[in-house]
Each structure stands twice: as C-alpha cells, then as structure tokens.
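# Fold and geometry: a report
Below, each chain spelled out in residue letters.
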Amino acid sequence: MRVPVPRRLLAALAAGVLIVVGAVSAQATPHRPGQAEKEPKPTVVLVHGAFADASGFNDTIALLQKAGFPVIAPANPLRDTAGDAAYISSVVDTIPGPVILAAHSYGGIVITNAARGHANVKALVYMGAFAPDEGESALQLAGQFPGSELGAALIPRSYPVPGGEPGTDGYIDAAKFRAVFAADLPASRTRLMAATQRPGSVQGLGGPSGAPAWKTVPSWYLIPTEDKVIPPAAQRFMAKRAGSKVTEIRSSHVVMISHPEAATKIIKSAYAATR
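I will try to describe carefully the structure that is included in this document. Within any chain, residue numbers begin from 1 and follow the written order of that chain's sequence. Reporting of local features is limited, given that this is a predicted model, to residues whose pLDDT is at least 70; pairs of side-chain atoms are given and counted only at 80 or more, and all residues count toward the totals for whole chains, interfaces and linings. Only heavy atoms go into the side-chain values, all of them from the structure, while hydrogens and water stay out.

What follows is about the sheet that holds strand E3 (residues 99-105). Only strands joined by at least two bridges in the DSSP assignment are considered to pair. Going along the chain from the N terminus, every DSSP run of H or I of four or more residues is numbered as a helix, and every run of E of two or more is numbered as a strand. Spatially, the six strands line up as an open sheet ordered E2-E1-E3-E4-E8-E9, and their pairing is parallel. The outermost strands of the open sheet, each flanked by one partner alone, are strand E2 (71-72) and strand E9 (245-249). Packed on one face of the sheet, helix H3 (residues 81-93) meets strand E1 (43-47), E2, E3 and strand E4 (121-129) and runs near 155° to E3. What makes two residues a contact is simply this: any of their non-hydrogen atoms within 4.5 Å. For helices, the axis comes from a line fit to the C-alpha atoms of the stretch in contact; other axes are also lines fit to C-alpha atoms, and the angle between any two N-to-C directions lies between 0 and 180 degrees.

So this is what it looks like as structure tokens:
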C-alpha cells in the first residue's frame with residue numbers, strides 16, 4: 001500500500017537536495033581570487049628619436065589603446081645619451097606594473113640604457129632603431145654599413161650651454177627631409193614634419209651607450225627595408241647580435257607612421273610572448 005506524499009514535502013526535499021549539491025560543488029571548485037578577472041596589460045612606453053617627436057606614434061597609440069594597452073609616449077630630451085636614458089628611466093620608475101619599452105631611431109639607444117635596473121620591463125621593441133652594444137654610438141653604427149644618407153643631409157646649428165661651450169644640433173635639410181627620412185609619406189605631410197623637427201644634438205648622437213639591456217631582456221625588431229637613415233644591414237646586424245625576433249617590412253625610416261599596424265603587431269607579439 002502506497003502512502004501519498006504531499007507535494008509541499010516533495011518540493012522541500014528537492015530544494016534541500018539542490019542546496020546540498022551546490023554546497024558540495026562550491027567546496028570541490030573553490031573560487032580563486034581574480035579567476036574571472038582579466039590580467040591587466042603592460043604599459044607600453046614609446047620613445048621617439050631625433051628629428052621627430054612623440055606625435056609620430058599617434059596612429060600606433062590609437063591602435064594600442066583600442067586593444068586595451070595603457071600607453072605613455074614621453075618627450076625624449078634629445079640632448080645626450082646618458083641624460084636622455086636617465087629621463088626615460090625616471091618615467092618607468094613611476095609605472096608600478098609591467099612595461100614594454102618600444103622605440104624608434106635614436107630612441108633605441110635610449111631604451112637600451114633606460115631599461116637597466118627595471119625588473120618590470122618585460123620586452124624591448126626596436127622599430128627602425130639603434131640597439132647598440134656598450135661603447136657604441138648612433139653615428140658610429142649608422143656609418144658602419146653603407147646606405148645611410150643622413151650625414152650629407154644634416155645642417156648644424158649651435159645652441160648655448162649654460163656654463164660651457166656651445167653645443168651643436170643637427171637638423172635634416174628640409175629639401176632632403178622626405179627622401180632621407182620619410183619617402184613613403186605624402187610630401188604635404190613631410191613638409192610639416194621638416195618644419196617642426198626636433199633636432200638631435202651631436203653630443204647625443206655621438207655619445208657612447210652603456211651596458212645594453214637587450215642582454216637580459218627579450219627583444220623584438222621591426223626593420224624597414226627602405227631605411228635611408230639607419231641602413232637595413234646595420235639593423236640586421238644589431239638584431240642578430242641582440243637575439244631579437246625580427247620582422248622586415250618595405251618602409252621608409254618612419255615605419256611607425258607609414259605602417260602603424262605593423263608597429264602595433266610587433267608590440268602585441270612581444271606582449272604575447274612575455275605575459
């Protein structure tokens with residue numbers, strides 16, 4: 001003989017079973033702090049070189065920000081190698097999380113030195129840039145391989161140095177600027193770039209680099225094969241010596257302006273490999 005069970009009792013029993021099962025499941029798979037949260041992306045610090053300013057990274061910055069990367073593009077002083085590196089190092093000092101240091105042209109020497117002593121610098125990215133060894137200078141490396149047209153295009157201008165001998169800035173002749181610096185950009189744009197260029201001091205371009213951070217920090221290298229400032233052969237030499245992961249692209253020296261997608265992609269590759 002079956003004894004009828006009230007529906008309310010059945011419902012209560014079912015609810016109790018669900019509560020017990022839920023409790024057991026929670027114990028079997030404990031919540032891990034931050035499990036559902038995405039890891040924050042590193043801050044990308046972009047360092048420009050001589051004859052340019054940070055606005056040259058504008059399109060690259062927009063793409064990086066769209067991908068969720070915090071970005072800082074400080075003004076490189078362009079005065080001397082040691083002082084410029086110390087300034088960029090001080091910027092890195094203010095960033096608590098991981099950092100990717102990326103640079104163009106002379107900025108490569110700056111990040112090679114600025115990264116030293118910063119455990120949070122996870123990668124170095126060189127884009128048409130110098131990656132010197134200790135004691136080497138930008139002018140030395142540019143002249144070590146044939147193909148640079150920079151020297152013949154420079155116009156020297158003196159500037160006062162408080163308490164010392166006048167310094168010398170190098171400007172690219174406006175008439176030669178596009179052909180040497182940015183041949184794949186519209187002439188209307190390069191005329192503006194030539195007029196607003198920030199000169200590189202001879203002291204900075206000729207100053208020796210210190211111990212290179214690329215010996216301990218992994219590096220990536222974007223080589224513009226039509227570069228008339230830093231010969232592609234020089235860049236291949238530096239990239240091979242540093243053990244960099246290399247990408248080559250048909251571009252003028254200002255690869256981050258003419259090919260911001262490629263510049264962004266190589267920074268993303270550095271992030272993916274070091275996260």
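This paragraph deals with the pairing of E1. Taken residue by residue, a regular strand's side chains alternate between the two faces of the sheet. A simple rule labels every residue: compare its accessible area, found with a 1.4 Å probe on the protein chains alone, to the largest value its type can have, and call it buried under 20%, exposed over 50%, or partly exposed in between. Most of E1 is tucked away: five of the five residues are buried. Side chains Thr43, Val45 and Val47 project from E1 onto one buried face, and the interleaved Val44 and Leu46 project onto a second face that is buried too. By the bridge criterion, two bridges tie E1 to E2 in an arrangement that is parallel. Bridge assignment links Val44 to a residue of E2, and that residue is Val71. By convention, orient the strands away from the viewer: a clockwise path from the first strand over the helix to the second makes the crossover right-handed. Viewed along the sheet, the connection from E1 through helix H2 (residues 58-66) into E2 turns out right-handed.

In this description, a nonpolar core means a group of buried Ala, Val, Leu, Ile, Met, Phe, Trp, Tyr and Cys residues linked to one another through side-chain atoms lying within 4.5 Å. Counting 75 residues, the largest nonpolar core has Leu46, Leu101, Leu124, Val125, Met127, Phe181 and Ile267 as the members making the most contacts within it. Other than its neighbours up to four places away in sequence, Ile267 contacts Val44, Leu46, Leu64, Ile100, Ala102 and Val125.

Another aspect to go through is the environment of Pro156. When you line up the elements, Pro156 lands in strand E5 (residues 154-159). Spatially, the C-alpha atom of Pro156 lies 6.2 Å from that of Thr168, the residues being twelve residues apart in sequence. Discounting chain neighbours no more than four positions away, the residues touching Pro156 are Thr168 and Asp169.

For the rest of this paragraph, the subject is the environment of Thr196. For Thr196, the location among the structural elements is in helix H8 (residues 187-196). According to the relative accessible area criterion, Thr196 is exposed, its value standing at 54%. As a C-alpha pair, Thr196 and Ala52 span 144 residues in sequence and 7.9 Å in three-dimensional space. From its side chain, Thr196 meets the backbone oxygen of Leu192 in a polar contact 2.9 Å long. We define a polar contact as two N or O atoms separated by no more than 3.5 Å, with the added condition that, inside protein, one atom must be a possible hydrogen donor and the other a possible acceptor, whereas residues neighbouring each other in sequence contribute only through side-chain atom pairs.

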